[in-house]
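Geometric and topological summary
Chain by chain, the residues run as shown.
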Amino acid sequence: MIKYGNQFVDEKFSASIEPNLYTDTVLIPGVTYTDKYQEGPAGAIYVHKLNSNAVEPGTPGRDFNDEVASDELIPILLNNNFQKSRKIYGVQANAVAFEIGEEYLADALNATKDGRQYSGLACLVEEGTASAVEANDTVEQLVGMRKEVKDGKGKADFALVSTEKYADLLKVVGIQSYADEAVRSGELLKRFGLNIIECNGFDKAEAKYYDKTGTLKTVDLTGVEMIVGNHEAFSLLDNMEMYRLIDSENFTGSKAQVEYNSGMTVNSPVQIVVKKSA
């Protein structure tokens, strides 16, 4: 109880909610991953990859040398399930001024998407290729990792960058002077053919996901500085998305429930390059 002098004064609870904090959305279809292999209904999707080799020259006037058609399969198992359910008793809902069901549903959706993103980042780090770039300068690292993808005959179109490295890039934009108007206006963050995205999700020591063999992997993300790659090289698929506010059959009240079922794999590791701190 609170007094002003000798007088008790009223106390109230705000009808507004202070939101919980979650990571920024950095896994974006068509930007940092592809969902083009989405087929349904299915619990697993297998992508054909044709076996091939470079052609060497020969002399004119010769027969073809036939090669037997062959390929390999890239499995994408939709075996990562994310759920969140909150019980809301009717007496609780009737005793607060805010829309408790809608608020818990929105929070459950954010928590579920956050977990899905951590799993996706863990998959990228675990299944990508470790960078051999040794430069300390952030721009040199970025350019060097792009070169690694290109040297592997791949394409690079995005970079996920830690908050520390992103701050370095902002300093380059803000302090140095360039004749190039694109750099001086701050567009360095979309340079070198890359969409450069700040990632504040490299903070979890035990990010988990189920890989394409059904094995639970635990990945330390805390040392990751950059991931440079081609969005087509990382598949992230969903075969179910559900969010609902339903009446409970067991108590007077409702449940705020969200569920995602996802599959993820790096289908071309040479095109996903990962740089960790020393």
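It should be noted that the structure appears before, not after, this text.
A brief structural summary. Everything numeric here is computed off the predicted structure, so don't read it as measured data. (Residues numbered from 1 in each chain as written. Predicted model: local features only at pLDDT ≥ 70, side-chain atom pairs only at ≥ 80, totals over all residues. Heavy atoms only, no water.)

A closer look at the sheet that holds strand β12 (residues 234–247)
- Spatially, 3 strands are ordered β5-β13-β12 in an open sheet, and the strand pairing comes out antiparallel. Two strands in the sheet have a free side with no partner beyond their single neighbour: β5 (80–89) and β12. Here the strands of the sheet are splayed against their neighbours by 10 degrees on average, with no regard to which way each runs.
- Across 10 bridges, the pairing between β5 and strand β13 (residues 253–266) is antiparallel. Each residue of the ladder has a partner; that of Lys-87, found in β13, is Lys-255.
- Each of β5, β12 and β13 is contacted by helix α2 (residues 100–127), which is oriented at about 15 degrees to β13, the strand it contacts most. (Pairing = 2+ DSSP bridges. Helix = DSSP H or I, 4+ residues; strand = E, 2+ residues; numbered from the N terminus. Axes fitted to C-alpha atoms, helices over the stretch in contact; angles between N-to-C directions. Contact = heavy atoms within 4.5 Å.)

A look at the packing of aromatic side chains
- Across all of its chains, the model carries 1 aromatic pair by this definition.
- On the numbers, 4.8 Å between centres and 55 degrees between planes, the contact of Tyr-89 with Phe-251 is tilted. Here Phe-251 lies in the loop between β12 and β13 and Tyr-89 lies in strand β5, a separation of 162 residues in the sequence.
- Tyr-89 gets classed as partly exposed once you look at its relative accessible area, which sits at 36%.
- A cation over an aromatic ring shows up here: Lys-204 above the ring of Tyr-118, its NZ or CZ 4.7 Å from the ring centre. (Phe/Tyr/Trp six-rings, centres within 6.5 Å; stacked < 30°, edge-to-face > 60°. Buried < 20%, exposed > 50% of the residue type's maximum accessible area, 1.4 Å probe, protein only. Lys NZ or Arg CZ within 6 Å of the ring centre and 35° of its normal.)

Let's talk about the sheet that holds strand β14 (residues 272–276)
- Read from one edge of the open sheet, 5 strands run β6-β14-β11-β7-β8, paired in mixed fashion. Single-partner strands in this sheet number two, and they are β6 (129–130) and β8 (195–199).
- Lying on the sheet, α2 is in contact with β6, β7 (158–162), β8, β11 (224–229) and β14; it crosses β14 at an angle near 90 degrees.
- With respect to the sheet, helix α3 (residues 138–151) is in contact with β7, β8, β11 and β14, its orientation differing from that of β11 by roughly 40 degrees.

Side note on the environment of Phe-158
- By the secondary structure assignment, Phe-158 is in strand β7.
- Separated by 73 residues in the primary sequence, Phe-158 and Ser-85 place their C-alpha atoms 34 Å from one another.
- Setting aside anything within four residues of it in sequence, one finds Phe-158 in contact with Val-31, Thr-32, Leu-194, Asn-195, Ile-227, Val-228, Gly-229, Asn-230, His-231 and Ile-272.

Observations concerning the nonpolar core
- Within the largest apolar cluster, 27 residues are counted, with the highest numbers of intra-cluster contacts made by Leu-27, Leu-121, Leu-124, Leu-160, Ile-227, Phe-234 and Ile-272.
- Mapped onto this core, the elements with two or more residues apiece are α2, β7, β8, β9 (207–210), β11, β12, β13 and β14.
- For this core, the element with the highest residue contribution is α2, accounting for 6 residues.
- When residues no more than four places from it in sequence are discounted, the contact partners of Leu-124 are Leu-27, Leu-160, Ile-227, Phe-234, Val-266, Ile-272 and Val-274. (Core = buried A, V, L, I, M, F, W, Y, C linked by side-chain atoms within 4.5 Å.)

Comments concerning α3
- A rise of 1.5 Å per residue sets the reference length of α3, with its 14 residues, at 20 Å; its end C-alpha atoms lie 20 Å apart and thus fit the reference within 8%.
- Looking only at α3, the buried set comprises Thr-138, Gln-141, Leu-142, Gly-144, Met-145 and Val-149. Across the axial projection of α3, the buried residues extend over an arc of 170 degrees, all falling on one side.
- Its side-chain oxygen 3.2 Å from the backbone nitrogen of Val-139, Asp-137 forms the N-cap of α3.
- Taken from the residues just after α3, Lys-153 is the one with a positive phi, measuring 70 degrees. (Expected span 1.5 Å × (residues − 1). Arc of directions from axis to C-beta. Polar contact = N/O pair within 3.5 Å; in protein donor to acceptor, adjacent residues only side chain to side chain.)

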